[in-house]
Amino acid sequence: MKIYPRPEPGDQPTLLHPPYASTVRRAPVEPPILLPHTLSELTGPVFGDSPIGEVDNDLTRQHAGDPIGERIIVAGRVIDEDGHAIPHTLIELWQANAAGRYAHAVDNHTAPLDPNFTGAGRTLTDEHGNYRFVTIKPGAYPWRNHPNAWRPAHIHFSLFGPCFITRLVTQMYFPHDPLMPYDPVSQSIPNACARERLVSKFDIDLTEPEWALGYRFDFVLRGRDATPFEGQR
Ligand SMILES: [Fe+2]
C-alpha cells in the first residue's frame, strides 16, 4: 500500500488566515489530530460513470454561438510527486466568464452573463496523464471580502486521482496578474514557492496560430511538490 507523505509546513493554505474573512468562522479552534490513513482512503475513489461528452473539454463549443472573450488552451499533466503520470483520472473545471460573472444563481455581480458560456467542463487524462481544455480567459470579479476586494482571474479545478486522499480542489491563476498580491485566498499559502505552483505558464508551443494562446498547468497530487489545495481541508 502506498504511503502518502504529509504536506510540508507552509505548502498548503493555513486553516486560519484572517485576511481571508471566512476562514475566521470556519477554521477549527483546536489543532488537527493526525490519524493514520485508512484502507478506504487509500483506495477508490468511485465517481459517476456517465460518459464524458464530446464538447465537455471545450467550453467554447457548448452552445449555439461563440462565447465572448479571449479563447485560450489550458493543458498539462497530472502526476505524482515522482513525476509518474496519473492516467485516466477525472478533471473537472468551473470558472467565471470573460466579464467575471459565474452562470450561477447566487452570483449577483453586475457584469453581464454570456448566453454562449456556461463555464463548466470535464475531461479524463490520457494514458500519459495529459489533459487539455479549450475555454475563455475568465475575468476578475469582486467578492466583498474586504473593501475593494477583487479575485485575480482564476479557473477552479477538481481532481480525483488514484485514491480518496489524492482528491484535489484548487485554483489556477495566470502569469503576472496584478491582483495576486491583494488576494487573501492565494496569499493564505505561506510558502511563496508553493503559491507559485498555482500560476500557469504561458506556453508558445501550446499556443495555436490564429486560434488561441496556450497556458500550461501541471497538477501534482500529494507529496513534496503537491499543488496547494484551495482554502482548507
Ligand atoms: Fe472563483
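Just above, that's the structure.
Residues numbered from 1 in each chain as written. Predicted model: local features only at pLDDT ≥ 70, side-chain atom pairs only at ≥ 80, totals over all residues. Heavy atoms only, no water.

> Give a description of the side chain of Thr 170 that names residues and reports values.
Note on placement: Thr 170 falls in strand 8 (residues 168-173). For Thr 170, a relative accessible area of 0% gives the class buried. At a separation of 2.6 Å, a polar atom in the side chain of Thr 170 contacts the main-chain carbonyl oxygen of Pro 228. The contact partners of Thr 170, leaving out residues within four places of it in the chain, are Ile 155, His 156, Phe 157, Leu 198, Phe 219, Thr 227, Pro 228 and Glu 230. (Helix = DSSP H or I, 4+ residues; strand = E, 2+ residues; numbered from the N terminus. Buried < 20%, exposed > 50% of the residue type's maximum accessible area, 1.4 Å probe, protein only. Polar contact = N/O pair within 3.5 Å; in protein donor to acceptor, adjacent residues only side chain to side chain. Contact = heavy atoms within 4.5 Å.)

> Account for the sheet that holds strand 7 (residues 154-159), naming residues and giving values.
Taken in spatial order, the four strands line up as 3-2-7-8 in an open sheet, and their pairing is antiparallel. With partners counted over all chains shown, the strands left at the sheet margins are strand 3 (120-124) and strand 8, one partner each. Taken pair by pair, the neighbouring strands of this sheet meet at an average axis angle of 20°, ignoring direction. Across six bridges, the pairing between strand 7 and strand 8 is antiparallel. Bridge pairing in strand 8 links Phe 157 to Thr 170. (Pairing = 2+ DSSP bridges. Axes fitted to C-alpha atoms, helices over the stretch in contact; angles between N-to-C directions.)

> An account of a nonpolar patch on the surface is needed here, citing residue identities and associated values.
Taken together, the side chains of Phe 202, Ile 204 and Leu 213 define a hydrophobic patch exposed on the protein surface, amounting to about 280 Å² of accessible area. Within the fold, Phe 202 resides in strand 9 (residues 201-202). You can call Phe 202 partly exposed: its relative accessible area is 42%. (Patch = residues over 30% accessible without salt bridge, like charges linked within 9 Å, V, L, I, M, F, W, Y side chains within 5 Å. Areas by Shrake-Rupley, 256 points an atom, 1.4 Å probe, with all protein chains shown as cover. Salt bridge = Lys/Arg side-chain N within 4 Å of Asp/Glu carboxyl O.)

> Describe the pairing of strand 4 (residues 130-136), with residues and values.
Most of strand 4 is tucked away: five of the seven residues are buried. Here strand 1 (residues 71-79) pairs with strand 4 via seven bridges, running antiparallel. Its bridge partner being in strand 4, Arg 77 is matched across the sheet by Asn 130.

> Go over the coordination of the iron ion with me, naming the residues and quoting the values.
Tetrahedral coordination by four donors places them ideally at 109.5 degrees to one another around the metal; octahedral coordination by six donors ideally gives 90 or 180 degrees. For the iron ion, the protein coordination sphere consists of Tyr 102 (OH), Tyr 141 (OH), His 154 (NE2) and His 156 (NE2), at 1.9 to 2.1 Å. For the iron ion, the four donor atoms in the first shell make angles of 91 to 159° at the metal, so the coordination geometry reads as irregular. Read N to C, the donor residues that coordinate the iron ion are spaced as Y-x38-Y-x12-H-x1-H. (Donors = N, O, S within 2.8 Å, 3.2 Å for Na, K, Ca; no water. Tetrahedral: all angles 85-135°; square planar, octahedral: opposite > 155°, others 65-115°.)

> Kindly report on the pairing of strand 1, identifying the contributing residues and their values.
The buried fraction of strand 1 amounts to seven of the nine residues, a majority that puts the element mostly inside the structure. Note: strand 1 against strand 10 (residues 213-216), four bridges, orientation parallel. Note on strand 10: the bridge partner recorded for Val 74 is Tyr 215. Sheet topology note: the strand 1/strand 11 (residues 219-220) ladder contains two bridges and is parallel. Pairing of Ile 79 across the sheet is with Val 220, part of strand 11.

> Could you give me a rundown of the pattern of salt bridges, with the residues and numbers involved?
Enumeration according to the criterion identifies seven salt bridges in this entry. As a salt-bridge pair, Arg 132 and Glu 208 come within 2.7 Å of each other at their nearest N and O atoms. On the criterion of sequence distance, the pair formed by Arg 132 in strand 4 and Glu 208 in the loop between strand 9 and strand 10 is long-range, its members being 76 residues apart. A salt bridge links Asp 203 to Arg 216, with the shortest nitrogen-to-oxygen separation between them at 2.9 Å. Taken as a pair, Asp 203 in the loop between strand 9 and strand 10 and Arg 216 in strand 10 lie far apart in primary sequence, 13 residues in all.

> Give a detailed account of the nonpolar core, specifying residues and quantitative values.
Formed by 32 residues in total, the largest nonpolar core has its most connected members in Val 78, Tyr 131, Phe 157, Leu 159 and Phe 219. When residues of this core are traced back to their parent elements, those giving at least two are strand 1, strand 2 (90-94), strand 4, strand 7 and strand 8. With four residues, the single largest contributor to this core is strand 8. Aside from chain neighbours lying at most four places away, what touches Leu 159 is Val 78, Leu 90, Ile 91, Thr 166, Arg 167, Leu 168, Phe 219 and Leu 221. (Core = buried A, V, L, I, M, F, W, Y, C linked by side-chain atoms within 4.5 Å.)

By themselves, these observations are geometric and do not establish any function.
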